[in-house]
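# Inside the fold
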Amino acid sequence: MATPQAESSGTLGTFTGVFIPSILTILGIILFLRLGFVVGNAGLRNTLIIIGIATAVSVVTSLSLAAIATNLEVRGGGDYYMISRTLGVDFGGAIGVVLFLAQSVSIAFYSVGFGEAVADAADISASWAPQVIAAGAVALLFGLAWLGADAASRFQFGVMVLLVLALASFYLGAVPGFDAGTAGDGWSPPGSELGFWAIFAIFFPAVTGFTQGVSLSGDLRDPGRSLPIGTFAAVGVSTVVYGTVAVLFAGNLPSGELAADTGAMGTVAAWSPLIVAGVVAATLSSAMASFLGAPRILQSLATDRVFPILNGFAAGHGPTSNPRRATLLSLAIALATIALGDLNVIAPVVSMFFLISYGLLNYATYFEARGADPSFRPRFRFFDKRLSLVGAVACLFVMLAINPIAGAVAIAALLGIRFYLQQSERLDRWTDATGSYYFQRARESIRSIPTGHRSARSWRPQVLAFSAEPRRRARLLRFASWMEGGSGLTAVVQIVVGHGAVKRREREEQDAALQREIADLDLEVYGRAILAHDAMEALPVIVQSFGLGPIKANTVLFGWPESDAPGHIEGYIEAVREVHRLGLNVVNMHSHSDKWEHLEAISRSERRIDIWWGDDDASRMALLSAYLFTRTPEWSQAKVRLLGGAAAGELIAPTRKILEEMAFAARIPADVECFVNPDGETMAAESADAAFVFIPGRLRRTSLVGLGDVELVGLLGRLPTAAVFLAGEAFDLVAPPETVEQQALLAAEERLDTAEKRAKRLEGQLTELTAALEETRARATNPAYAITKDDVAAAELRVVNVTRRVASAQANLDAARQELVDLSNG
């Protein structure tokens with residue numbers, strides 16, 4: 001998602017700001033002390049495969065990085081900034097924290113490696129020497145980081161010179177000494193006890209530094225240009241170096257010697273002291289890159305105010321906003337890590353954090369591209385979202401292949417921080433790709449929903465509620481969420497009557513108030529205030545235009561007027577009639593504040609829903625709604641009671657049995673009771689202690705009546721909280737998966753199949769009879785055959801009869817085909 005940014009205040013270019021820190025981290029300790037070991041144990045063939053897999057992960061991630069970097073004006077924070085602006089603050093904040101810690105701890109790792117190299121070169125045997133030397137190196141690097149990226153970059157120029165000299169010394173010694181026979185002997189794996197993935201795990205950390213330059217994004221003059229170019233250059237050069245060094249190792253020393261000697265590069269080099277200088281340079285450069293990257297990630301986190309406790313680290317020094325406070329914290333973490341001594345326990349987890357960041361960079365690109373947002377317009381075009389997804393999966397696979405336990409710990413830490421951020425209340429500070437991604441998924445899902453005839457089994461409540469009074473709206477929306485039962489959608493509309501500028505402002509105010517009210521209720525409801533000249537004229541228009549494609553209102557919810565004055569009731573009934581005429585279901589909820597308070601006071605285990613059964617579609621809708629009620633936490637323990645009526649002179653027992661069998665077939669648990677000709681008095685008395693009462697209704701000219709033509713205007717006032725259901729469509733609680741239309745289509749297909757088979761069979765018969773007729777006619781002219789004219793006439797008659805049957809079969813076939821076309825198009 002593009003975000004407006006100020007012009008970058010950075011001073012570093014592509015070479016100094018991206019290429020050098022990345023290449024110096026990639027060409028590190030693995031190259032000088034472990035690559036020969038890898039070749040000796042894996043063989044040259046498998047080593048090149050390992051380098052190829054690792055490079056593939058690096059290249060795919062670089063492609064993803066280039067796509068995001070050229071779609072954003074990248075600020076400071078590197079990986080954190082790009083991931084947070086794409087996947088959102090939850091993932092971004094989590095990866096920011098773990099990357100800051102990982103890079104801060106990495107300062108100690110690289111410094112201890114430097115200390116060990118210096119101690120070995122100086123022949124210092126004291127066990128404390130590497131830690132003391134490492135602490136001194138950290139202090140030196142801290143001074144450079146304190147001065148800023150420019151000073152650190154000048155230091156890295158010197159380190160780069162040492163690294164180039166070390167590699168030159170190796171090539172000058174290895175190229176003349178290359179022996180093709182030795183290389184051939186070392187081509188295949190020598191039968192090492194270490195497996196392929198164990199050796200891969202040893203090598204892979206070599207390529208985990210290719211995004212070090214990303215951490216300096218805030219110090220770059222042109223991040224969008226420098227990040228992809230510098231990263232690709234670092235990955236390309238390092239791949240060539242690792243590949244050629246592996247080949248030269250195999251051609252200079254036998255596998256056994258390579259596997260046993262971690263200092264094989266010094267053995268092959270023209271001048272071995274330069275290799276020691278290269279090791280020193282590699283460790284210091286990697287530590288320096290981490291010392292520059294970690295504080296800038298923390299500063300970006302603090303600037304975004306993701307974690308309030310970190311806000312103080314947002315302060316920067318000088319024109320480039322050098323993060324000195326964050327640098328102090330990185331120093332403290334590095335020194336504390338060095339003091340621990342044994343770093344092997346947490347080292348694998350740190351490597352996993354880097355892999356997670358690469359996986360998230362790949363997934364962020366896929367996520368952004370998958371969302372198809374018009375604002376996703378990266379200048380770098382050579383990427384593919386499917387390749388980015390493959391890269392994300394590959395990073396996860398590599399994590400589990402290298403160290404499943406460390407990978408699980410790292411993932412758990414990331415998800416734990418993300419969960420914390422999800423639960424935290426905060427204002428949205430930027431627009432990420434999340435909304436676009438889910439919009440695209442919703443778009444595709446809507447287009448996938450069948451638009452033809454649908455089975456009654458797939459009915460879902462898609463409720464459109466109308467409410468003009470905020471004090472009653474909360475009850476109406478709560479009822480809608482219960483009736484929805486987690487299966488449908490609910491929207492609420494408030495009509496603002498009038499026109500002109502004042503009313504337009506009022507509509508905006510009412511809309512904002514409606515959104516706040518929905519948020520306070522914590523309901524999954526969508527609300528909108530609409531301006532209209534006349535509410536009654538607007539009502540049918542709103543109902544018909546609500547929705548998109550197959551997602552449209554099938555149920556309209558009204559709140560019963562609090563006043564029973566004739567004018568109010570007549571206007572209300574007319575509104576209900578207007579909507580019902582459009583073929584929609586209408587639900588009318590009757591609930592005064594005192595009744596609602598009584599309902600809320602009833603414990604969940606004692607709640608009961610009474611349904612007065614009229615054996616019609618409205619009754620079936622009421623029963624289904626009661627079941628949906630019980631799928632919500634508030635009504636999960638409630639009982640459903642089905643109340644039926646028997647005519648005078650009829651036995652109650654058979655009626656009760658019919659209702660029990662119906663409820664069982666519908667798979668809705670319900671207690672059944674029956675009464676003889678229940679009237680309003682019976683209904684009021686029997687449902688007096690119910691929590692909710694559902695009544696099927698019917699419209700008369702100016703009134704709404706219920707079971708037994710009871711006038712509901714007077715009855716509802718004597719009942720607890722109640723809802724009157726008017727069905728605008730057929731409800732079948734025991735419907736098969738096939739609709740009537742689908743069954744008709746299947747029958748038409750069977751008739752077509754039968755007609756085709758009959759026509760084919762008759763055409764075969766006609767062909768045979770026609771051939772027989774020609775043969776009979778031919779024989780009739782030959783005296784050798786006793787064929788009479790009657791024989792010829794009989795053969796002709798058979799052909800005529802079958803021809804007629806063929807014509808009839810073809811007519812039936814044409815009719816079957818047309819029937820199938822009509823049903824398919826209907």
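Calculation notes
- Residues numbered from 1 in each chain as written.
- Predicted model: local features only at pLDDT ≥ 70, side-chain atom pairs only at ≥ 80, totals over all residues.
- Heavy atoms only, no water.
- Helix = DSSP H or I, 4+ residues; strand = E, 2+ residues; numbered from the N terminus.
- Rg over C-alpha atoms; globule rule 2.2 N^0.38 Å.
- Contact = heavy atoms within 4.5 Å.
- Areas by Shrake-Rupley, 256 points an atom, 1.4 Å probe, with all protein chains shown as cover.
- Lys, Arg positive; Asp, Glu negative; His and termini not counted.
- Charge placed at Lys NZ, Arg CZ, Asp CG, Glu CD.
- Pairing = 2+ DSSP bridges.
- Axes fitted to C-alpha atoms, helices over the stretch in contact; angles between N-to-C directions.
- 1 Å grid on protein atoms, 1.4 Å probe; cavity = no way out; pocket = protein on both sides within 12 Å on 5 of 7 lines; lining within 4 Å.
- Points joined across faces, edges and corners; volume = space filled by probe spheres on them.
- Nonpolar A, V, L, I, M, F, W, Y, C, P; charged D, E, K, R; others polar.
- Phe/Tyr/Trp six-rings, centres within 6.5 Å; stacked < 30°, edge-to-face > 60°.
- Lys NZ or Arg CZ within 6 Å of the ring centre and 35° of its normal.
- Salt bridge = Lys/Arg side-chain N within 4 Å of Asp/Glu carboxyl O.
- Buried < 20%, exposed > 50% of the residue type's maximum accessible area, 1.4 Å probe, protein only.
- Core = buried A, V, L, I, M, F, W, Y, C linked by side-chain atoms within 4.5 Å.
- Right-handed = clockwise from strand over helix to strand, strands pointing away.
- Parallel < 35°, antiparallel > 145°, perpendicular 65-115°, else oblique.
- Left-handed = near helix turned anticlockwise from the far one by under 90°.
- Expected span 1.5 Å × (residues − 1).
- Bend = angle between axes of the 7 residues up to and from the residue.
- pLDDT = per-residue confidence, 0-100.
- Polar contact = N/O pair within 3.5 Å; in protein donor to acceptor, adjacent residues only side chain to side chain.

Turning next to the overall build of the protein. Within the protein, the regular secondary structure consists of 29 helices and 14 strands. Over its C-alpha atoms the protein spans a radius of gyration of 40 Å, topping by over 25% the 28 Å that the globule rule assigns to 826 residues. Considered along the principal axes of its C-alpha atoms, the protein spans approximately 110 × 110 × 55 Å. Relative to all contacts within the protein whose residues are 6 or more apart in sequence, the contacts with residues 24 or more apart total 81%. Of the roughly 37500 Å² of accessible surface on the protein, 58% is carried by carbon and sulfur atoms. Here the protein carries 67 positive and 79 negative side-chain charges, and the mean point of each set is 4 Å from the other.

What follows covers the sheet that holds strand β2 (residues 489–497). Taken together, the 10 strands give an open sheet; going across it, the order is β3-β2-β1-β6-β7-β14-β11-β8-β9-β10, and neighbouring strands pair in mixed fashion. Strand pairing shows two members of the sheet lacking a second neighbour, β3 (526–532) and β10 (671–676), which therefore form its edges. Each strand axis lies, on average, 25 degrees off the axis of its neighbour in the sheet, ignoring direction. Direction of pairing for strand β1 (residues 462–466) relative to β2: parallel, over a ladder of 5 bridges. Its bridge partner lying in β2, Phe466 is registered against Val493. Each of β2 and β3 touches helix α20 (residues 501–521); the most contacted strand, β3, lies at about 165 degrees to it. Relative to the sheet, helix α24 (residues 617–629) contacts β6 (555–559), β7 (585–590), β8 (608–612), β9 (639–646), β11 (692–696) and β14 (722–726), its axis offset from that of β11 by approximately 155 degrees.

With that out of the way, let us pick up the layout of surface pockets. The calculated volume of the second largest pocket comes to roughly 1600 Å³. Considering the residues around the second largest pocket, the lining is formed by 50 residues, among which Ile29, Ile30, Arg34, Phe109 and Gly113 are closest to the centre. Those elements that provide at least two residues to the lining of the second largest pocket are α1 (14–26), α2 (29–33), α5 (89–121), α6 (129–147), α9 (196–203), α13 (273–303) and α15 (347–371). Sort the elements by how many residues they give to the lining of the second largest pocket and α5 lands first, with 9 residues. A breakdown of the residues in the lining of the second largest pocket according to their chemical character gives 28 nonpolar, 18 polar and 4 charged.

Here we come to the packing of aromatic side chains. Scanning the entire structure with this criterion turns up 35 aromatic pairs. Centroid distance Phe142 to Phe291: 6.3 Å. Interplanar angle 45 degrees. Geometry classified as tilted. Of this pair, Phe142 sits in helix α6 while Phe291 sits in helix α13; the two residues are 149 residues apart in sequence, bridging distant segments of the chain. Through pairs of rings, three or more aromatic residues link up here, namely Phe479, Trp482, Trp596, Phe629, Trp635, Phe692, Phe694 and Phe725. Here the guanidinium or amino end of Arg418 rests over the ring plane of Phe91, the centre of that ring lying 4.2 Å away. Stacked on the ring of Trp635, the Lys or Arg Arg607 has its end atom at 4.9 Å from the ring centre.

All told, the structure shown has 25 salt bridges when counted by the stated rule. Among the salt bridges present, the one from Arg472 reaches Glu469, with a minimum N-O distance of 3.6 Å. The partly exposed category is assigned to Glu469, whose relative accessible area is 31%. Here Arg718 and Glu681 are joined by a salt bridge, their closest N and O atoms 2.8 Å apart. On the criterion of sequence distance, the pair formed by Arg718 in the loop between α27 (712–715) and β14 and Glu681 in helix α26 (residues 680–686) is long-range, its members being 37 residues apart. Among the charged side chains, a network of salt bridges with common partners joins Arg608, Asp610, Arg641, Glu673, Glu686 and Asp689.

A general tendency of soluble globular proteins is for nonpolar side chains to be buried together. Membership of the largest hydrophobic core comes to 132 residues, with the highest contact counts inside it found for Leu31, Phe203 and Tyr242. Top element by residues in this core is α5. It accounts for 16 residues. If we skip the residues at most four places from it in the chain, Tyr242 touches Ile26, Leu27, Gly28, Ile30, Leu31, Leu35, Ile51, Phe203 and Ala206. One finds Ala480, Trp596, Ala691 and Phe731 within the second-largest nonpolar core, a separate group that totals 49 residues.

Quick look at the pairing of β9 now. Among the 8 residues in β9, 6 count as buried, and that is most of the element. The pairing of β8 with β9 spans 5 bridges and is parallel. Across the sheet, the residue bridging to Ile611 is Leu642, located in β9. Once you follow β8 into α24 and on to β9, the crossover reads as right-handed.

Positive phi outside glycine occurs at Asp123, with the angle close to 60 degrees. Relative to the helices and strands, Asp123 is located in the loop between α5 and α6. We note that Ala372 has phi near 55 degrees; this positive angle belongs to a residue other than glycine. Assignment of secondary structure puts Ala372 in the loop between α15 and α16 (385–402).

We now examine empty space enclosed by the protein. A complete count under the given rule lists 2 cavities of 30 Å³ or more for this structure. By volume, the largest cavity is sized at about 60 Å³. If you go around the largest cavity, the residues you meet are Ile26, Ile51, Thr55, Ser58, Phe203, Val207, Phe210, Val235, Ser238, Thr239 and Tyr242. Residue assignment for the lining of the largest cavity shows that the elements contributing at least two residues are α3 (35–69) and α10 (223–252). Along the lines of polarity and charge, the residues of the lining of the largest cavity split into 7 nonpolar, 4 polar and no charged.

With that settled, the discussion passes to the environment of Lys760. Inspection of the secondary structure puts Lys760 in helix α28 (residues 740–780). Residues Lys760 and Gln510, spaced 250 residues apart in sequence, show a C-alpha to C-alpha distance of 71 Å.

Counted residue by residue, β8 has 5 buried out of 5 residues, so it is predominantly covered. Burial of β8 is two-sided: the residues Arg608, Asp610 and Trp612 facing one way and the residues Ile609 and Ile611 facing the other way are all buried.

Our next topic: helix α4 (residues 79–87). The buried count for α4 comes to 9 of 9 residues, which makes it a mostly enclosed element. Within α4 the residues assigned to the buried category are Asp79, Tyr80, Tyr81, Met82, Ile83, Ser84, Arg85, Thr86 and Leu87. Where α4 ends, the next residue or the one after it, Gly88, has phi of about 105 degrees, a positive value.

The next subject is the packing of α5 against α13. At a minimum axis separation of 8 Å, α5 and α13 run at an interaxial angle of 160 degrees. The angle between the axes of α5 and α13 places the two elements in the roughly antiparallel class. Considering the relative orientation of α5 and α13, their crossing is left-handed.

Turning our attention to α3. With 35 residues, α3 extends only 32 Å from end C-alpha to end C-alpha; this falls clearly short of the ideal 51 Å at 1.5 Å per step. Bending of α3 peaks at approximately 115 degrees at the position of Gly43. In terms of residue burial, α3 counts as a mostly covered element, since 28 of its 35 residues are buried.

The next thing to look at is the confidence of the model for the protein. For the protein, the mean per-residue pLDDT works out to 86, and 95% of the residues sit at or above 70. Predicted confidence for residues 1–8 stays below pLDDT 50, and this span has 25 contacts to residues more than four positions away or in other chains.

To continue, consider the packing of α6 against helix α7 (residues 149–174). The relative placement of two packed helices comes down to the angle between their axes together with the axis-to-axis distance. Their axes nearest at 5 Å, the elements α6 and α7 cross at an angle of 130 degrees. In terms of orientation, α6 and α7 fall into the oblique class. Counted together, Leu141, Leu144 and Leu147 of α6 and Ala151, Ala152 and Phe155 of α7 form the full contact between these two elements. Broken down by class, the residue content of the contact of α6 with α7 amounts to 6 nonpolar, no polar and no charged.

The topology assignment puts Arg608 in strand β8. Take Arg608: its relative accessible area is 17%, and that puts it in the buried class. Within the structure, Arg608 has its side chain in polar contact with the side chain of Asp610 (distance 2.8 Å). For Arg608, the side chain forms a polar contact with the side chain of Asp689, separated by 2.8 Å.

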